[in-house]
Amino acid sequence: MPVDLSFLDYIIPEELAAEIAPGMLVSMPFRNRMEYGIVESIVESGASDVKKLKFISAILFNEPLLSQRQLFFLFEMANLYATPLGFLVKSNLLPLQKRKMSKL
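How each quantity is defined
- Residues numbered from 1 in each chain as written.
- Predicted model: local features only at pLDDT ≥ 70, side-chain atom pairs only at ≥ 80, totals over all residues.
- Heavy atoms only, no water.
- Helix = DSSP H or I, 4+ residues; strand = E, 2+ residues; numbered from the N terminus.
- Buried < 20%, exposed > 50% of the residue type's maximum accessible area, 1.4 Å probe, protein only.
- Contact = heavy atoms within 4.5 Å.
- Pairing = 2+ DSSP bridges.
- Core = buried A, V, L, I, M, F, W, Y, C linked by side-chain atoms within 4.5 Å.
- Salt bridge = Lys/Arg side-chain N within 4 Å of Asp/Glu carboxyl O.
- Axes fitted to C-alpha atoms, helices over the stretch in contact; angles between N-to-C directions.
- Parallel < 35°, antiparallel > 145°, perpendicular 65-115°, else oblique.
- Left-handed = near helix turned anticlockwise from the far one by under 90°.
- Nonpolar A, V, L, I, M, F, W, Y, C, P; charged D, E, K, R; others polar.
- Expected span 1.5 Å × (residues − 1).
- Arc of directions from axis to C-beta.

Chemist: Help me understand the overall build of the protein chain in this model?
Modeler: Helices and strands together make up the secondary structure of the protein chain, namely four helices and three strands. Element order for the protein chain, N to C, with α for helix and β for strand: α-β-β-β-α-α-α. The proportion of buried residues among the 104 residues of the protein chain is 28%. Intrachain contacts of the protein chain at a sequence separation of at least 6 include 63% that bridge at least 24 residues.

Structure representation (structure tokens):
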């Protein structure tokens, strides 16, 4: 059974905690490389929950790329068409396409 990589958990560093919000574009380590992602939600958790999690590296834009309404719409589309949410987000947002991002 394939792993759903649409949602991954990361720790928000203290220096980014006041700025970060759902819908923002961030960079974070994934395996041996840096990847882009959209913050879906922010949840407080206990210290025991975060032992193996990595830190978000940076916020790439000061404003969210997606509103809560747009995120909800993408969730609904993913469910309706049985398509991975990550595929919908990545194919529709220019900043998540590495080739195009490097040209910017």
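Chemist: Would you mind going over the pairing of strand β2 (residues 33–38) with me for this structure?
Modeler: The side chains of a regular strand alternate between both faces of the sheet. Where strand β1 (residues 25–30) meets β2, six bridges bridge the pair, whose relative direction is antiparallel. The residue bridging V26 from the neighbouring strand is G37, located in β2. Between β1 and β2, which pair antiparallel one after the other, the connecting turn spans two residues, and R31 there sits at a positive phi close to 55°.

Chemist: Hey, could you run me through the nonpolar core in this one?
Modeler: A general tendency of soluble globular proteins is for nonpolar side chains to be buried together. With 10 residues, the main nonpolar core is built from L25, I38, L66, L71, L74, A78, L85, L88, V89 and L93. Those elements that place two or more of their residues in this core are α2 (68–80) and α3 (85–92). Ignoring sequence-local partners within four residues, the contact set of L71 consists of G23, I38, V39, E40 and L66.

Chemist: What exactly am I supposed to notice about the pattern of salt bridges here?
Modeler: Overall, the coordinates contain one salt bridge when judged by the stated rule. A salt bridge links E35 to R33; its shortest N-O distance comes to 2.5 Å. Exposure remark for E35: the relative accessible area of 14% places this residue in the buried category. Look at R33 and you get partly exposed, because its relative accessible area is 41%.

Chemist: I would appreciate a short explanation of the packing of α2 against α3 in the present structure.
Modeler: Two numbers describe a pair of packed helices, the interaxial angle and the distance between the axes. The contact between α2 and α3 brings their axes to 9 Å, and the two run at 125°. By the angle between their axes, α2 is oblique relative to α3. Helix-helix and strand crossings are classified by hand; for α2 and α3 the assignment is right-handed. Residue-level inspection shows L74, F75, M77 and A78 of α2 in contact with α3, the latter providing L85, L88 and V89. For the contact of α2 with α3, the residue count by class is seven nonpolar, no polar and no charged.

Chemist: Help me out: how do you make sense of α2 in this one?
Modeler: Given a rise of 1.5 Å per residue, 13 residues ought to cover 18 Å, and the 18 Å separating the end C-alpha atoms of α2 matches this to within 8%. Buried residues along α2 sit in contact with β2 and α3.

Chemist: Please explain α3 as it appears in this structure.
Modeler: Those residues of α3 that fall on the buried side of the exposure criterion are L85, L88 and V89. One face of α3 carries all of its buried residues, which in axial projection span an arc of 95°. Lining the buried residues of α3 we find β2 and α2.

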